[in-house]
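Residues per chain, in single letters:
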Amino acid sequence: MTKTLNEQQPTNPTYLDGEMTTRIGELFGKVLTLVSSAKKETSSLVNAKNIEIDEEDLETMKDQLAKLTKPATYVMEISGQLCQGFKTQVAQVVRENFLNYFAMSLQSYKTLSESELLDATCFFCDFIEHSFHSDTGMIAELTNKFLEIFNWTGATTDVKQTLTYGMGVFSMFVPKGTFPTAAVFQALNSMVSAPDAFSEENAVATESALGAVGKLVYFQKDGAVVIDAVTIGFLSKLPFKFEETEAQTTHQLFLEQVIANNNNLITDATKDSVLAAVNRLRTEKVEIEFLNEESKSLLAKLA
């Protein structure tokens, strides 16, 4: 429902006022408290029985605990829609009522099911991107944690897709030179350069990583790791073809940077590749709707 309301009121939504937002935050905060208590109680009961648990048992336990946390998935989705719709207006409500639950989940990521880990990482992607990106200390901690999880052997492709998106987002909001550009690029490149990067199973995740590479180019280009050759490689992959939301987000940001004459993106070595990418966005036809209305408007300005 919240997603539908956001779509109906894409700018300056009015379907919630401050009091209603506060009540929603408090209500769903209590839901997360109940979920956390239920998880702790279940884990305590298992531990009290002194049962020897092998790896298979552990995975079964994770799956059972994941069923208890389904309400937290709903809270994550609601939080994301609130952040996307109301931006900084809901930052305090989300921070006070939801953040601690998902932060604690990140800290214990090795004990989580995949769905729980996706809930926690998606929560922070939405929160930082749309509502709360002034705390560079928090962003630095999140970047390091996302890198740690990415390099964990238990990280699935879906989890890595979310992590790469998040690290790209985080790169937008910290001063140049303070971001771990080399380590993040290494992680992203491990996906982009994999032999099966554009297989049917991996293509969507690969484009997510490529979108994050683009953000490194725009906001954290260091001339040592992220260089013009990286820019040209990124541009050669435009337009994205596999997932509509990622494609539209990436293309809009690219066009915004072109119009802003971003000098990390546009150099003597890359200007021809930039122009070629813009022209492909105009002319190429693929199965998904890869341009939103904002991008179409930006393209018209570049005509």
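Here is a short report on the structure shown in this document.

Definitions and limits used
- As a convention, each chain's residues are numbered from 1 in the sequence order in which they are written.
- Local features are withheld for residues below a pLDDT of 70 in this predicted model, meaning they are given only at 70 or higher, and side-chain atom pairs are given and counted only at 80 or more; totals for whole chains, interfaces and linings count all residues.
- Side-chain calculation: all heavy atoms of the structure are included, whereas hydrogens and water are not.
- Going along the chain from the N terminus, every DSSP run of H or I of four or more residues is numbered as a helix, and every run of E of two or more is numbered as a strand.
- Expected span, for any helix, means 1.5 Å times one less than how many residues it has.
- A simple rule labels every residue: compare its accessible area, found with a 1.4 Å probe on the protein chains alone, to the largest value its type can have, and call it buried under 20%, exposed over 50%, or partly exposed in between.
- To obtain the arc, one takes the directions from the helix axis to the C-beta atoms.
- We call two residues in contact whenever any of their non-hydrogen atoms come within 4.5 Å of each other.
- Only the stretch in contact is used when a helix axis is fitted, and all axes are lines through C-alpha atoms; the angle between N-to-C directions ranges over 0 to 180 degrees.
- Helix crossings get a hand from a simple test, with the near helix turned counterclockwise from the far one by less than a right angle marking a left-handed crossing and a clockwise turn marking a right-handed one.
- In this classification, Asp, Glu, Lys and Arg are treated as charged, Ala, Val, Leu, Ile, Met, Phe, Trp, Tyr, Cys and Pro as nonpolar, and every other residue, Gly included, as polar.
- In this text, buried Ala, Val, Leu, Ile, Met, Phe, Trp, Tyr and Cys residues form a nonpolar core when linked through side-chain atoms within 4.5 Å.
- The term salt bridge refers to a pairing of a side-chain nitrogen on Lys or Arg with a carboxyl oxygen on Asp or Glu at a separation within 4 Å.
- Put simply, angles under 35 degrees are roughly parallel, angles over 145 are roughly antiparallel, angles from 65 to 115 are roughly perpendicular, and the rest are oblique.

Quick notes on helix α14 (residues 271–283)
Turning to step 1, where the next piece is worked out: Spanning 13 residues, α14 covers 19 Å between terminal C-alpha atoms, matching the ideal 18 Å at 1.5 Å per step.
Turning to step 2, where the next piece is worked out: Taken together, the buried positions of α14 are Ser273, Val274, Ala277, Val278 and Leu281. Each buried residue of α14 lies within a common arc of 140° when the element is viewed along its axis, so the set occupies one face. Pointing more than 90 degrees away from the buried face of α14 are the exposed residues Asp272, Leu275 and Thr283.
Turning to step 3, where the next piece is worked out: Where α14 is buried, its residues touch α12 (228–236), α13 (244–259) and α15 (293–301).

Regarding the packing of helix α7 (residues 114–131) against helix α8 (residues 136–150)
When two helices pack together, their arrangement is given by the angle between their axes and by how far apart the axes lie.
Turning to step 1, where the next piece is worked out: Where α7 contacts α8, the axes come no closer than 12 Å and their chain directions differ by 145°. The chirality of how α7 crosses α8 is left-handed. Between α7 and α8, the contacting residues are Leu117, Thr121, Phe124, Cys125, Phe127 and Ile128 on the first element and Met138, Ile139, Leu142, Phe146 and Ile149 on the second.
Turning to step 2, where the next piece is worked out: In terms of residue class, the contact of α7 with α8 is made up of ten nonpolar, one polar and no charged.

Digging into the nonpolar core
Proteins that are soluble and globular tend to have nonpolar side chains buried together.
Turning to step 1, where the next piece is worked out: Ranked by internal contacts, the top residues of the largest apolar core, which has 82 residues, are Phe102, Phe123, Phe127, Phe146 and Phe254.
Turning to step 2, where the next piece is worked out: Every residue in contact with Phe254, bar those within four places of it in the chain, is listed here: Tyr218, Leu235, Leu238, Leu265, Val274, Ala277, Val278 and Leu281.

Some remarks on the environment of Ile232
Turning to step 1, where the next piece is worked out: Relative to the elements of secondary structure, Ile232 occurs in helix α12.
Turning to step 2, where the next piece is worked out: Residues in contact with Ile232, not counting those within four places in the same chain, are Ala269, Thr270 and Ser273.

Here we look at the pattern of salt bridges
Turning to step 1, where the next piece is worked out: Applying the stated criterion to the full structure yields seven salt bridges.
Turning to step 2, where the next piece is worked out: Across the pair Glu19 and Arg23 runs a salt bridge, and its minimum N-O distance is 2.7 Å. Placement of the pair is Glu19 and Arg23 together in helix α2 (residues 18–48), with a separation of four residues, close to one helical turn.
Turning to step 3, where the next piece is worked out: Classification of Arg23 by relative accessible area gives exposed; the value is 55%.

Remarks on unusual backbone geometry
The phi angle of most residues is negative, glycine excepted, and most peptide bonds adopt the trans form.
Turning to step 1, where the next piece is worked out: Following Leu238, the chain continues into Pro239 via a peptide bond in cis, with omega recorded as 0°.
Turning to step 2, where the next piece is worked out: Here Pro239 lies in the loop between α12 and α13.
Turning to step 3, where the next piece is worked out: Unlike most non-glycine residues, Lys87 shows phi in positive territory, near 50°.
Turning to step 4, where the next piece is worked out: Here Lys87 is to be found in the loop between α4 (70–86) and α5 (91–97).
Turning to step 5, where the next piece is worked out: For Lys87, a relative accessible area of 39% translates into the label partly exposed.
Turning to step 6, where the next piece is worked out: Here the phi dihedral of Asn261 falls at roughly 55°; this positive angle occurs in a residue that is not glycine.
Turning to step 7, where the next piece is worked out: Examined against the element boundaries, Asn261 turns out to sit in the loop between α13 and α14.

Details of the packing of helix α11 (residues 203–220) against α13
Turning to step 1, where the next piece is worked out: Between α11 and α13, the shortest axis-to-axis distance is 10 Å and the interhelical angle comes to 15°. One way to sum up the angle between α11 and α13 is to call them roughly parallel. Note on packing geometry: the crossing formed by α11 with α13 is left-handed. Between α11 and α13, the contacting residues are Glu207, Ser208, Gly211, Lys215, Tyr218 and Phe219 on the first element and Glu246, Thr250, Leu253, Phe254 and Gln257 on the second.
Turning to step 2, where the next piece is worked out: Residue composition of the contact of α11 with α13, by class: four nonpolar, four polar and three charged.

The analysis is restricted to geometry; functional conclusions fall outside its scope.
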